Amino acid sequence: MTVYLVDKYEIIEDRVNFSWYTSEPSIAFKKNNFYFEYPGISLTEMSEDVIWSIFLSCFIPVLRDAHDDSDIVFKAPINYDLLTYWATYHKAKNINFTPIYKHNSSNAIEHEKIKNNRHGVLYGGGKDSLFALNALTNMYGFNDVVILSYIFPADESKINDLKKRRDSLMLKPLKESIGDIKQQVISTNIRSVVSTLYLNSFHIGLYSGTMLPACIYHEISFATFSYEYTHYYTHDSNGNCRPYFYGSRTEPNKYISEKISKILGRPFQLYNFNYPISEYFAFKAVSETYTHTMNALTMCEAITAPDKKYCMTCTKCAEYALYNLSLNKNPKDFDYNFFFQNSPYIKNIIDKIDSTTVHKWFNGLSFVLHYQSFKHVINKIDLQFSKSVLNADSFILLNKIKDAYGGTQYDDIENIHLEMIEQLAPPNKELYINELKKTGKISDSKKIDILYGNDLYSIDTTHNENIIEEQPQLEISKFIENILLPKKIPSDLTISTECELCNLTYENNNHEITFGILDSGPLDKSRATITFKIPAQKNKAILGFKITNQYFNPSNKDRISYVFELNGTVIFETDAAIWAGSESFELKIPKSKNTILTISVVATKDCEAWNWGRSTALKINNISYTPTTSPIENYNFSGTHPAGTYNNIQ
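Calculation notes
- Positions within a chain are numbered from 1, following the residues in the order the chain's sequence is written.
- Side-chain atom pairs in this predicted model are given and counted only at pLDDT of 80 or more, local residue features only at pLDDT of at least 70, and totals for whole chains, interfaces and linings cover all residues.
- Side-chain numbers come from the whole structure's heavy atoms, not from hydrogens or water.
- Note on conventions: DSSP H or I runs of at least 4 residues are helices, E runs of at least 2 residues are strands, and numbering of each starts at the N terminus.
- Partly exposed residues are those whose accessible area sits between 20% and 50% of the maximum for their type, while under 20% is buried and over 50% is exposed, using a 1.4 Å probe and protein chains only.
- The charged-residue count follows a simple rule in which Lys and Arg add positive charge and Asp and Glu add negative charge, with His and chain termini not counted at all.
- All charge positions are set by atom: Lys at NZ, Arg at CZ, Asp at CG, Glu at CD.
- Residue-level confidence of the predictor is summarised by pLDDT, bounded by 0 at the bottom and 100 at the top.
- The contact definition used throughout considers only heavy atoms, calling two residues in contact when any of these lie within 4.5 Å.
- Strand pairing is defined by DSSP finding a minimum of two bridges between the two strands.
- Among buried residues, those of type Ala, Val, Leu, Ile, Met, Phe, Trp, Tyr and Cys that are joined through side-chain atoms within 4.5 Å constitute a nonpolar core.
- Working convention: axes come from line fits to C-alpha atoms, limited for helices to the stretch in contact. Angles between N-to-C directions cover 0 to 180 degrees.
- The cut-offs work like this: below 35 degrees is roughly parallel, past 145 is roughly antiparallel, 65 to 115 is roughly perpendicular, and the gaps in between are oblique.
- Here a crossing is called left-handed whenever its near helix is offset anticlockwise from the far helix by less than a right angle, and right-handed whenever the offset is clockwise.
- Asp, Glu, Lys and Arg are counted as charged, while Ala, Val, Leu, Ile, Met, Phe, Trp, Tyr, Cys and Pro are counted as nonpolar; the rest, among them Gly, fall into the polar class.
- The rule is short: rings of Phe, Tyr and Trp, with Trp giving its six-membered ring, pair when the centres are within 6.5 Å, and they are stacked under 30 degrees, edge-to-face over 60, tilted in between.
- Note on criteria: charge over ring means Lys NZ or Arg CZ within 6 Å of the ring centre, with the direction from the centre no more than 35 degrees off the ring normal.

K.L.:
Describe the overall build of the chain, listing the residues and the values that go with them.
P.N.:
A count of helical and extended segments in the chain gives 18 helices and 27 strands. A burial count over the chain gives 56% of its 650 residues as buried. Averaged over its 65 positive side-chain charges, the chain has a centre that lies 1 Å from the centre of its 73 negative ones.

Now the structure itself:
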């Protein structure tokens, strides 16, 4: 069991820092701290429940997915009710908490009575959030809507580029089209801290708790996000009930809205503004109903350059092109002919079409839940209009795609699904419906069919998920405080390192090793090896370390491998060319066992003289050796590397 010892948060004006220690190397996080920043908002007078909500809404779902069970130990007691809210919201039954305090919920901090009941719009600049922003400003007026703009790159070094991109491509044209609307930027490094495997664990939890300081400051009583209805299927192609996208379904939204209302001391509602419509409906609304804001639409997320709007290779750029063609639009900022004749996306589709007579969904054609709208859009494209805006070569390619994937009209893609609005229960329902009716028509069907790739799934609009409130577990298994503190390699324990056929840099001050094969064109079976020799100890222990490799080129696989061996048996192996980055590993060691762990860079064939030695060198750091009281009967090896083969031994 992994124990997380969480420090008291640190507030510096508009920024809050969170940090923790772990009882053993964590597979959930790359480092042990993250921050959230709210420019212009002083956090010093925010309640503890508000600040801890920022932490819990992000931290709990990652631990839920990363560990079978784990303990969170706070250095100061935390509100038991608050833990109940966030553990229930994230369905986290496998996390224990301590210490806690309890109080009567009627004693919750009351904030000053607010003068406004504003809407906060989670805004990313794409078609879905731009539609919601337009509709809400029409419904409630310019002064009662606030943009909530998150900046959270997976690569923290890109944060300034993303800020510039947001300002130049999204906010500046938005200001030019609708005026100087209120906005709140929220910046964080959380996505660069969480291990890649668990980046999707957040779901709406990344926003629901972290937006609270902005909701207090801007007097926001309603907060919206924007996901299309196809995410919310309830039954698969075999009729099995499998409600999807649980974290943003209406049921948990209503639950956490009620609990946030208690935290804020006033009514609050979090809801999905786009719940009863499709992604194509949202685009059509921006293009035809809110035309004046089209210049602010920024759908491509594949690039961070502040002066480049389209990568011309991703499915979102493809949607932008095809959706515009289906509406007989010829945007000035997009070159159709360049896209059709140069985009790898189009080339991939044409290659697939040419290679088969049966045309189905495949990975790369569209997002799996957008296949229905893709087919609808292709069917809808008017060839006469397209011929007038495309050159002859581009038109031939479009015609091929239309022949392969056109032919079926899906009316649900352009409808407003009334029964889903009943589930949603938005504020001022009639006003909401009337605004949506400016773009589409009402459908009252209780069952909606959707394509999940090539399978037919469905939505039962009467389905309701039962929310069972979790009572957080408070007992910490054999918690011993001194084992929580990070351990350095003990001075009385010698972990010797030996190097064979390699360049070696070993810095004792921070336990960092860099090594690789000397030869730039190594022959088959050449290798560079680091050996860790750990003599038998009286106590069980965990050896933790991180490995970084920079080389990534899958087309050059089957030349160099990374091989880990434990006492002569291979426990992990991966091709050097198929994954790059930093990954964490840990080896649980039983007591009274001599342990030899080798890590090797191995040539698996005679390689070209392409500087393989330097390119595939490995860096090993964050080496730690931690005695533990956790039960360890046999060796156990694990890691975050997603592209290798693991093999545990006894």
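The rest of the description comes next.
K.L.:
Residues and numbers for the environment of Ile263, please.
P.N.:
By the element assignment, Ile263 lies in helix H8 (residues 250–264). Along the chain, Ile263 and Leu82 lie 181 residues apart, while their C-alpha atoms are 8.3 Å from each other.

K.L.:
Go over the confidence of the model for the chain, please, and point to the residues and values.
P.N.:
Detail in the predicted coordinates should be disregarded across regions flagged by low pLDDT. Taken residue by residue, the chain gives an average pLDDT of 86. The fraction at 70 or more is 91%. Under a pLDDT of 50 for its full length, residues 105–109 has, in the predicted model, 6 contacts with residues more than four places off or in other chains. Taken together, the stretch residues 475–510 has pLDDT below 50 and engages in 86 contacts with residues farther than four places along the chain or on a different chain.

K.L.:
Talk me through the pairing of strand E20 (residues 541–549); I want residue IDs and the actual numbers.
P.N.:
Counting buried positions along E20 gives 9 out of 9 residues, so the element sits mostly inside the fold. By the bridge criterion, 9 bridges tie E20 to strand E23 (residues 581–589) in an arrangement that is antiparallel. Considered in E23, the bridge of Ala541 is made with Ile589. Taken together, the 7 bridges between E20 and strand E25 (residues 618–627) define a ladder with antiparallel strand orientation. Paired with Ala541 across the bridge in E25 is Pro627.

K.L.:
Quick rundown of the nonpolar core? Include the residues and the values.
P.N.:
Residues Phe36, Phe131, Met211 and Tyr405 are the most contacted members of the largest nonpolar core, which totals 158 residues. For this core, the element with the highest residue contribution is helix H1 (residues 48–66), accounting for 12 residues. Once residues within four sequence positions are removed from consideration, Phe36 is found in contact with Asp14, Arg15, Val16, Ile54, Cys58, Tyr150, Ile186, Ser187, Thr188, Ile190, Leu206 and Thr210. Counting residues in hydrophobic clusters, the runner-up holds 36 residues, among them Ala528, Ala541, Tyr551 and Ala603.

K.L.:
I'd like a rundown of the packing of helix H2 (residues 80–89) against H8, residues and numbers included.
P.N.:
The geometry of a pair of packed helices is captured by two quantities: the angle between their axes and the separation between those axes. Taken N-terminus to C-terminus, the directions of H2 and H8 make an angle of 165 degrees; their axes are 10 Å apart at the nearest point. Looking at the two axes, H2 sits roughly antiparallel to H8. The handedness of the crossing between H2 and H8 comes out as left-handed. Facing Leu82, Thr84, Tyr85, Trp86, Thr88 and Tyr89 of H2, the residues of H8 in contact are Pro252, Tyr255, Ile256, Lys259, Lys262 and Ile263. Grouping the constituent residues of the contact of H2 with H8 by class yields 8 nonpolar, 2 polar and 2 charged.

K.L.:
Describe the side chain of Ser221, listing the residues and the values that go with them.
P.N.:
As for its position among the elements, Ser221 is in strand E10 (residues 220–225). Assessed through its relative accessible area of 3%, Ser221 is described here as buried. Setting aside chain neighbours within four positions, we find Ser221 in contact with Ile114, Asn116, Asn117, Arg118, Arg266, Pro267, Phe268 and Gln269.

K.L.:
Please give an account of unusual backbone geometry that cites residues and values.
P.N.:
Unusually for a residue other than glycine, Lys91 sits at a positive phi of about 50 degrees. Structurally, Lys91 is set in the loop between H2 and strand E6 (95–101). Taking relative accessible area as the criterion, Lys91 reaches 44% and is therefore assigned partly exposed. Of note, the phi angle at Asn328 is positive, near 55 degrees, even though the residue is not glycine. Mapping Asn328 onto the fold places it in the loop between helix H10 (315–326) and helix H11 (336–342).

K.L.:
Tell me what's going on with the environment of Phe97, and back it up with residues and numbers.
P.N.:
Note that Phe97 resides in strand E6. On the basis of relative accessible area, Phe97 is assigned to the buried category, the value being 0%. Sequence spacing of Phe97 and Thr604 is 507 residues, and the spatial spacing of their C-alpha atoms is 48 Å.

K.L.:
Break down the packing of aromatic side chains for me, citing the residues and quoting the values.
P.N.:
What the rule picks out here adds up to 58 aromatic pairs. Between Tyr244 and Phe245, the aromatic rings sit 5.4 Å apart at their centres with planes inclined by 25 degrees, giving stacked as the arrangement. For Phe245, a relative accessible area of 18% translates into the label buried. When the ring of Phe572 is compared with that of Tyr646, the centres are 4.7 Å apart and the planes differ by 50 degrees; the resulting orientation is tilted. In this pair, Phe572 is assigned in strand E22 (residues 569–575) and Tyr646 in strand E27 (residues 645–646), connecting sequence segments 74 residues apart. Of the residues examined, Phe572 reaches a relative accessible area of 1% and is grouped as buried. Assessed through its relative accessible area of 31%, Tyr646 is described here as partly exposed. Clustering of aromatic rings is evident, with ring pairs tying together Tyr4, Tyr9, Phe18, Trp20, Phe29, Phe34, Phe36, Trp52, Phe55, Phe59 and Phe74. Above the ring of Tyr246, the side-chain terminus of Lys91 is found at 4.3 Å from the ring centroid. In this structure, Lys352 is placed above the aromatic ring of Phe362, and the distance from its NZ or CZ to the ring centre is 5.2 Å.

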